[in-house]
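Chain and residue survey
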Amino acid sequence: MFATAAGASAVVVAQFIWCYDRQHDFSTNFHHFYQRITNPFSLSSSSALSSSDSNGSSSHHPIHTPSTPSRKNSVTPNDSNLALALRPNAHKRADPLDPSPRKEYLTWDDYFMSVAHLSSLRSKDPNKQVGACITDPERVILGIGYNGFPRGCSDHHLPWAKLSSDSNPLDTKYPYVCHAEMNAIMNKNAASLKGATMYVTMFPCNNCAKLLIQAGITEVVYYEDKRRTKSPSSSSDSSALHTPTKGGTRPDPAYEASQRLLSHAGVTLRQHIPKCPVYLDFDSSC
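Because the structure is predicted, anything quoted here is derived from the model rather than measured.

Next up on the list: helix α6 (residues 206–215). Along α6, the residues classified as buried are N206, C208, A209 and L212. Taken end-on, α6 shows its buried residues confined to a sector of 155°, consistent with a single buried face. For α6, the elements touching its buried residues are α5 (180–186), β4 (197–202), β5 (219–224) and α7 (253–264). With its phi angle positive at about 95°, G216 sits one or two positions after the end of α6.

A separate point is the sheet that holds strand β3 (residues 141–146). Taken in spatial order, the five strands of this open sheet run β3-β2-β4-β5-β6, and their pairing is mixed. Looking along the sheet, the strands with just one partner apiece sit at the ends: β3 and β6 (268–271). Within the sheet, the average angular offset between the axes of one strand and its neighbour, ignoring direction, is 15°. Examined bridge by bridge, β4 and β5 share five bridges and lie parallel to one another. Among the inter-strand pairings, V200 is bridged to a residue of β5, identified as Y222.

Attention shifts here to unusual backbone geometry. Even without a glycine there, the phi angle at R139 is positive, about 65°. As for its position among the elements, R139 is in the loop between β2 (131–135) and β3. With phi around 60°, S167 is a residue other than glycine that occupies positive phi space. When you line up the elements, S167 lands in the loop between β3 and α5.

The next point concerns the side chain of D110. Tracing the sequence through the fold places D110 in helix α4 (residues 108–120). An unpaired buried charge is present at D110: no salt bridge exists, and K275, the closest side chain of opposite charge, is 7.3 Å distant. One polar contact links the side chain of D110 to the main-chain amide nitrogen of K275, over a distance of 3.1 Å. Ignoring anything within four residues of it in the chain, the contact list for D110 reads H272, I273, P274, K275 and C276.

What counts, and at which threshold
- Residues numbered from 1 in each chain as written.
- Predicted model: local features only at pLDDT ≥ 70, side-chain atom pairs only at ≥ 80, totals over all residues.
- Heavy atoms only, no water.
- Buried < 20%, exposed > 50% of the residue type's maximum accessible area, 1.4 Å probe, protein only.
- Helix = DSSP H or I, 4+ residues; strand = E, 2+ residues; numbered from the N terminus.
- Arc of directions from axis to C-beta.
- Contact = heavy atoms within 4.5 Å.
- Pairing = 2+ DSSP bridges.
- Axes fitted to C-alpha atoms, helices over the stretch in contact; angles between N-to-C directions.
- Lys, Arg positive; Asp, Glu negative; His and termini not counted.
- Salt bridge = Lys/Arg side-chain N within 4 Å of Asp/Glu carboxyl O.
- Polar contact = N/O pair within 3.5 Å; in protein donor to acceptor, adjacent residues only side chain to side chain.

No statement about biological role is implied by the geometric values presented.
The structure is reproduced here in structure tokens:
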């Protein structure tokens with residue numbers, strides 16, 4: 001019995017060390033760890049994401065998609081929405097004889113945008129990770145992509161920098177990176193994308209707009225907006241026109257040109273407003 005207790009204690013200590021965040025003091029870490037083992041669903045997204053790396057991914061902690069397009073601190077420790085977030089195998093029904101389907105499930109828009117967000121975590125870009133998912137009118141996924149270098153080009157032999165010390169554009173990532181929209185189109189598993197919808201985590205640039213127009217895509221559902229001006233006719237949901245954008249809008253004509261191209265081509269634009277939080281945890285031990 002003593003050996004069993006000692007072994008269990010060693011496991012708990014190992015888990016505590018594994019979860020320890022050096023940015024906080026011992027008492028704060030102990031409090032968070034105690035919450036993990038006593039009530040794992042009471043954690044806030046801020047504590048769960050505190051050890052995320054610069055790529056926006058987390059090695060040992062959950063991935064949380066906020067319930068609104070606000071990108072920072074959308075869930076607080078006292079927010080009950082986290083307890084209602086959609087989780088795999090959560091909200092299990094107490095009555096095993098109830099024949100009705102469950103009500104807690106992803107909408108199609110939330111589902112495909114979640115796929116795009118999950119795909120973005122494959123990107124090696126240290127500053128911006130973008131994902132895209134293409135679906136047909138029957139809601140079948142036709143292609144997925146994220147931003148990165150072309151096939152056969154090493155992630156370690158080309159620069160990921162945004163700026164160059166000598167203002168040489170060849171020392172930055174921009175001449176080399178393939179955008180998520182391009183990769184999703186090139187990765188298509190169908191003969192044609194005519195009439196398809198693209199879900200993308202960031203509003204497409206002018207070059208990607210040209211590609212998706214030529215591919216026959218007729219609707220773009222985006223999460224993060226990058227345009228300085230927004231046309232009310234470009235969205236079916238007027239509330240989406242006033243949602244925050246990560247880092248604000250940039251003075252880049254590429255997005256204004258993109259909006260102009262998509263409007264002339266008759267492509268429907270729609271900013272995605274999540275219906276509920278989505279919470280993924282692949283590591284239940286921490």
